[in-house]
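Chain by chain, the residues:
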Amino acid sequence: MGFHAKHLLGIEQLEQDEIRVLLDLAERYVSLNRGTRKHSSALEGLTQINMFFEASTRTQASFEIAGKRLGADVMNMAMQASSIRKGETLIDTALTLNAMHPDLLVVRHPHSGAVNLLAEKVNCAVLNAGDGRHEHPTQALLDALTIRREKDRLQRLTVAICGDIAHSRVARSNILLLGKMENRVRLVGPPTLMPARIGEFGVEVFDDMREGLAGADVVMMLRLQKERMDGAFIPSAREYYHRWGLDAEKLSHAKDDAIVMHPGPMNRGVEIDGTIADDINRSVIQEQVEMGVAVRMAAMDLLARNLRAAKAGNPERMA
Amino acid sequence: MRILITNARLIDPEANGTPPGAVLIDGERIADVFDRPAPEGIPADAHLDAGGNCLAPGIVDIGVKVCEPGERHKESYRSAGAAAAAGGITTMVTRPDTLPAIDSPETLEFVTRRAAVAAPVNICHMAALTRGRAGQEMVEIGFLKDAGAVAFTDCDQVTEDTRVFSRCLAYARSLDALVIAHPQDPGLSRGAAATSGKFASLRGLPAVSPMAERLGLERDLTLAEMTGARYHADNLSTAAALPALRRAREAGLSVTAGVNIHHLTLNELDIGDYRTFFKLKPPLRSEDDRMAMVEALGEGLIDVISSMHTPQDEESKRLPYEEAASGAVGLETLLPAALRLYHAGHITLPALFRALSRNPARLMGLASGRLASGAPADLVLFDVDAPFVLDRFRLRSKSKNTPFDGARMQGRVLATFVGGKLIFRKEPH
């Protein structure tokens, strides 16, 4: 029991217990965040650098607020604008930053595996804030926390993940996490946006939305990137909306108390109907954002404890 | 100079057994082969006791990339030659995918000169099929053939335009020139870094279906039938492609096929946590595909094993998987890796050397690849069992991008002869 990881690179490396420990701690941060004094000293004295090689507003803001509330010195680096343009390699950038002795490195990169590569080269704890179409572990964890709070459990639920599964790191991390916690996962979407042999991950695959949603406890919608709507993967945004966009009629096939989730940012009228997104009885999209900060605080807190224990030469005292 | 090698286990690709025996070298050629202890009193200038180790015709490796001209920091004729000698490769057939491509008699002449002064092994050169390997205009196939090009290939660049490719084949046919391609459907494989399937989906890598190879091969075979050209499908890697190949062979087309050693000994799971030294083109396949290739080799449907030696420097590999360069060095690991198939009981040693030596020599019109009197004295003496752990920094290639770093291997080259000259001898420990 306990959280042993040095980095948070993906859900793949986490044990069921580690996920529970992290979510339990995140609950405490939810309470802290709802109070008027939002500060803790968990990361006091530590330096957190957010390296985003791909544009992001929400995730970066969430990590920044999480770090600041825990007392870390937080620095944001917009990497698209800097050294990469000058031809510096990822590893050189990592080594340069490493020399500044950060304690937590939060990294988003457009290529799968890039964060793993970087983690091999630095001494600090690395958090994956999304790599290519590989993993986005904090998103899956915040989704799990949201589900657990709404459903009072995180097992034996039927979760339908809908949309562009192929290009989605959110989907992959969620498939892994929900599977590890013993839920039924369904994937719903056009075959052109479904990864090859995904059925071998212990999920059910549907291309009909109504069949896929039938009896679901959770409906998780994914964002469809604009550049994929041009006829290459689907004929058009409007045909996509007709067949896979979440509207009241399609949602009626899910359980009556099914919740609707979306990692944001949403394309209203493409993958989700605006009124569903705003329906406070069904949509938990705003809660997801709130849970995001708490989960990231918990993740950084746990990694910092392990980092401090390792630096004190006492790996036994890990979180 | 006459050299008598005695007490050897003879690996004759034309035979089935591996009898003990002796080989007499006279000058540049094999003078005699005795599949029994050599008779007393044979006059020789030198005598080598093989200590019961295997003696086989040297390997003829088709598709070696030496990075001259253009990227000599990755591999030169000198470093590649030393690596080949240490790997038991007595003939390197080089690829034209250099910078610039070897697509004119002038560039061919340059590499021929470089090869002659710098490398101790035999070297033949292949030339590009189209100018700049761009798939638009055919090269001067006649002039290049006269200048010594043994085959024509655009390597991993598929000639997308079917009309261009069919004309190249038809023209090559008139010169009896061999055309080599790495079949692949260019549309499906664009941007792919892995083989589609569970592993690629888990790792989130852009992937290509193995069917893309079948599509490419079926197109090429159709055009080979249409034109009657001599066609070699190299770098095959998938089970899906094999039925088409079998049909073409049964129909009597002048078609041969090759596989690279990595697709016979590794699978996609070896990529593990985005290890870029395992990034190849085509990408590593499933274990089922690997086994299908091993079987096809055993039954002779696949003719040739090559190293597909592709040097890449550290910089081009130390990148996120999608961005990293493809390819692996293989000159020094080809034999020990191929011996994995022997040790696993998939193939006999004579059959292995049919694919490593005899078949590629025949394909290129060379007299080597045989353990018979009159054949060139290109020989490799190796200890088939000797275990070792590969250390990439001890490779002689300038580039160290091997997927076998740290791997346990069996089989060490003890000596290599080219044209009767001892060009490599393993240092005692």
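For every chain, the first residue of the written sequence is number 1, and numbering continues from 1 onward in sequence order. All chains are assigned letters beginning at A, and all ligands numbers beginning at 1, according to the order in which they are written. Totals for whole chains, interfaces and linings use all residues, but because this is a predicted model, local features are given only for residues with pLDDT of at least 70 and pairs of side-chain atoms are given and counted only at 80 or more. Only hydrogens and water are removed before side-chain values are computed, so all heavy atoms of the structure are retained for them.

**Some remarks on the overall build of chain A**
Part 1 of the reasoning: Counting its secondary structure elements, chain A contains 11 helices and 9 strands.
Part 2 of the reasoning: Relative to the 2.2 N^0.38 estimate, which gives 20 Å for 319 residues, the radius of gyration of chain A is 19 Å and therefore close to what a compact globule would have.
Part 3 of the reasoning: Considered along the principal axes of its C-alpha atoms, chain A spans approximately 55 × 45 × 40 Å.
Part 4 of the reasoning: Whether a residue is buried, partly exposed or exposed follows from its accessible area with a 1.4 Å probe, protein chains only, as a fraction of its type maximum: under 20%, in between, or over 50%, in that order. Taken over 319 residues, chain A has a buried fraction of 59%. Put simply, DSSP H or I for four residues or longer makes a helix, DSSP E for two residues or longer makes a strand, and each gets a number counted from the N terminus. We compute the radius of gyration over the C-alpha atoms and compare it with the globule rule, which gives 2.2 Å times the number of residues raised to the power 0.38.

**Description of the pattern of salt bridges**
Part 1 of the reasoning: What counts as a salt bridge is simple: a side-chain nitrogen of Lys or Arg found within 4 Å of a carboxyl oxygen of Asp or Glu. As enumerated under the stated definition, the model contains 44 salt bridges over all chains in all.
Part 2 of the reasoning: Among the charged side chains, a salt-bridge network with shared partners connects D24, E27, R148, R149 and E287 of chain A.

**Some remarks on the sheet that holds strand β1 (residues 47-52) of chain A**
Residues and elements named next belong to chain A.
Part 1 of the reasoning: Here, strands pair whenever DSSP counts at least two bridges between them. Reading across from one edge, β2-β1-β3-β4 is the order of the 4 strands in this open sheet, with parallel pairing throughout. Among the strands making up the open sheet, the edge pair consists of β2 (73-78) and β4 (125-131). Direction aside, neighbouring strands of the sheet carry axes that sit 15° apart on average.
Part 2 of the reasoning: Pairing of strand β3 (residues 104-109) with β4 involves 5 bridges; the strand directions are parallel. Convention adopted: a line fitted to C-alpha atoms gives each axis, helices being fitted over their contacting stretch, and angles between N-to-C directions are expressed from 0 to 180 degrees.

**Focus on the packing of helix α2 (residues 58-69) of chain A against helix α11 (residues 285-311) of chain A**
All names here are of chain A.
Part 1 of the reasoning: Put simply, α2 and α11 touch, their axes get as near as 8 Å, and they point 55° apart. Relative to α11, the element α2 is oriented oblique. By crossing handedness, the relation of α2 to α11 is classed as right-handed. In this structure, α2 uses R58, T59, S62, F63, I65, A66, G67 and R69 to contact α11, whose residues at the interface are V289, G292, V293, R296, M297 and M300.
Part 2 of the reasoning: Class assignment of the residues belonging to the contact of α2 with α11 gives a composition of 7 nonpolar, 4 polar and 3 charged. Roughly parallel here means an angle under 35 degrees, roughly antiparallel means over 145, roughly perpendicular means 65 to 115, and every remaining angle is called oblique. Left-handed describes a crossing whose near helix is turned anticlockwise from the far helix by less than a right angle; the clockwise case is right-handed. We call two residues contacting when some pair of their heavy atoms lies within 4.5 Å. Throughout, the ten residues Ala, Val, Leu, Ile, Met, Phe, Trp, Tyr, Cys and Pro are labelled nonpolar, Asp, Glu, Lys and Arg are labelled charged, and all others, Gly among them, are labelled polar.

**Some words on the interface of chain B and chain A**
Quoted interface sizes are often the accessible area lost when the parts come together.
Part 1 of the reasoning: The partner chain A presents 23 residues to the 17 residues of chain B that form the contact.
Part 2 of the reasoning: What counts as buried area is the accessible surface, traced by a 1.4 Å probe, that two parts surrender upon association, with contributions from both included. With both sides pooled, the region where chain B packs onto chain A buries about 1800 Å², and carbon together with sulfur makes up 56% of that total.
Part 3 of the reasoning: When the area that chain B buries against chain A is broken down by residue, the three leading residues are K198, L202 and R318 of chain B, summing to 31%.
Part 4 of the reasoning: The interface formed by chain B and chain A includes 1 salt bridge.

**So, the packing of helix α12 (residues 334-343) of chain B against helix α13 (residues 349-363) of chain B**
Residue and element names in this part refer to chain B.
Part 1 of the reasoning: In the contact formed by α12 and α13, the axes pass within 10 Å of each other and the chain directions differ by 140°. Here α12 lies oblique to α13, going by the angle between them. Seen from above, α12 lies across α13 with right-handed handedness. Side by side, α12 and α13 meet where L334, L335, A338, L339 and Y342 of the first sit next to L349, L352, F353 and L356 of the second.

**Comments concerning the sheet that holds strand β7 (residues 204-206) of chain A**
Residue and element names in this part refer to chain A.
Part 1 of the reasoning: If you trace the 5 strands from one edge of the open sheet to the other, you get β7-β6-β5-β8-β9, paired in parallel fashion. The open sheet terminates on both sides in strands that have one partner only, identified here as β7 and β9 (259-261). When strand polarity is set aside, the average angle formed by the axes of neighbouring strands in this sheet is 20°.
Part 2 of the reasoning: As paired elements, strand β5 (residues 158-162) and strand β8 (residues 218-221) share 4 bridges and run parallel to each other. Across the sheet, the residue bridging to A160 is V219, located in β8.

**What about the pairing of strand β14 (residues 255-260) of chain B?**
All names here are of chain B.
Part 1 of the reasoning: Within β14, 6 of the 6 residues are buried, which leaves the element mostly enclosed by the surrounding structure.
Part 2 of the reasoning: Of the two faces of β14, the one holding V255, A257 and V259 and the one holding T256, G258 and N260 are both buried throughout.
Part 3 of the reasoning: Sheet topology note: the strand β13 (residues 230-233)/β14 ladder contains 3 bridges and is parallel. Across the sheet, the residue bridging to H232 is T256, located in β14.
Part 4 of the reasoning: Pairing analysis gives 3 bridges linking β14 to strand β15 (residues 304-306), with the strands arranged parallel. Directly across from N260, in β15, lies its bridge partner S306.

**Some words on the packing of aromatic side chains**
One pair of aromatic rings is described through two measures. These are the centre distance and the angle between the planes.
Part 1 of the reasoning: Pairs were defined over the aromatic rings of Phe, Tyr and Trp, the Trp ring being its six-membered one, requiring ring centres within 6.5 Å. Orientation was assigned from the angle between planes: stacked under 30 degrees, edge-to-face over 60, tilted for the rest. Per the counting criterion, the structure on display carries 2 aromatic pairs over all chains.
Part 2 of the reasoning: Consider the rings of Y240 of chain A and W244 of chain A, whose centres lie 5.8 Å apart with planes at 40°: the pair is tilted. In this pair, Y240 of chain A and W244 of chain A are both assigned in helix α8 (residues 237-244), 4 residues apart and thus about one turn of the helix distant. The residues Y240 of chain A and W244 of chain A share a single accessibility class, namely buried.
Part 3 of the reasoning: Between F353 of chain B and F382 of chain B, the ring centres sit 5.6 Å apart and the planes meet at 25°, which makes this aromatic pair stacked. One end of the pair, F353 of chain B, is in helix α13; the other, F382 of chain B, is in strand β16 (residues 379-389), and 29 residues separate them in sequence.
Part 4 of the reasoning: Classification of F353 of chain B by relative accessible area gives buried; the value is 0%.
Part 5 of the reasoning: Over a ring means this: the NZ of a Lys or the CZ of an Arg is within 6 Å of the ring centre and within 35 degrees of the ring normal. Stacked on the ring of Y274 of chain B, the Lys or Arg R203 of chain B has its end atom at 5.7 Å from the ring centre.

**Regarding the environment of A298 of chain A**
Part 1 of the reasoning: If you trace the backbone, A298 of chain A turns up in helix α11.
Part 2 of the reasoning: Distance from A298 of chain A to V30 of chain A, taken between C-alpha atoms, is 9.8 Å for residues 268 residues apart in sequence.

**Some details on the pairing of β8 of chain A**
Residues and elements named next belong to chain A.
Part 1 of the reasoning: Side chains V218 and M220 of β8 all project onto a buried face; the interleaved residues V219 and M221 project onto the opposite face, where all are buried too.
Part 2 of the reasoning: With 3 bridges connecting them, β8 and β9 associate as parallel partners. Bridged to V219 within β9 is V260.

**Points about the nonpolar core**
Part 1 of the reasoning: Membership of the largest hydrophobic core comes to 105 residues, with the highest contact counts inside it found for Y231, I302, I305 and F353 of chain B.
Part 2 of the reasoning: Beyond its immediate stretch of four places on either side in the chain, F353 of chain B contacts I11, P13, A56, P57, I59, L335, R358, V380 and F382 of chain B.
Part 3 of the reasoning: Only buried residues count toward a nonpolar core. Its members are Ala, Val, Leu, Ile, Met, Phe, Trp, Tyr and Cys residues joined through side-chain atoms within 4.5 Å. Core analysis: the next-biggest nonpolar cluster, separate from the first, contains 66 residues, I11, L43, I259 and A304 of chain A among them.

**As for the confidence of the model for chain B**
Part 1 of the reasoning: Residue-level confidence of the predictor, termed pLDDT, takes values from 0 up to 100. Residues with a pLDDT of 70 or more make up 100% of chain B, whose mean pLDDT is 97.
Part 2 of the reasoning: Overall fold confidence for the complex sits at a pTM of 0.92, while the interface term, ipTM, reaches 0.86.

**Describing unusual backbone geometry**
Part 1 of the reasoning: Of note, the bond from G264 of chain A into P265 of chain A is cis; its omega dihedral lies within 30 degrees of zero at -10°.
Part 2 of the reasoning: Put simply, K281 of chain B and P282 of chain B share a cis peptide bond, and its omega is -5°.
Part 3 of the reasoning: Within the secondary structure layout, P282 of chain B lies in the loop between α9 (261-265) and α10 (287-298).
Part 4 of the reasoning: A positive phi angle, close to 60°, is found at N7 of chain B, a residue other than glycine.
Part 5 of the reasoning: Mapped onto the secondary structure, N7 of chain B falls in strand β1 (residues 2-10).

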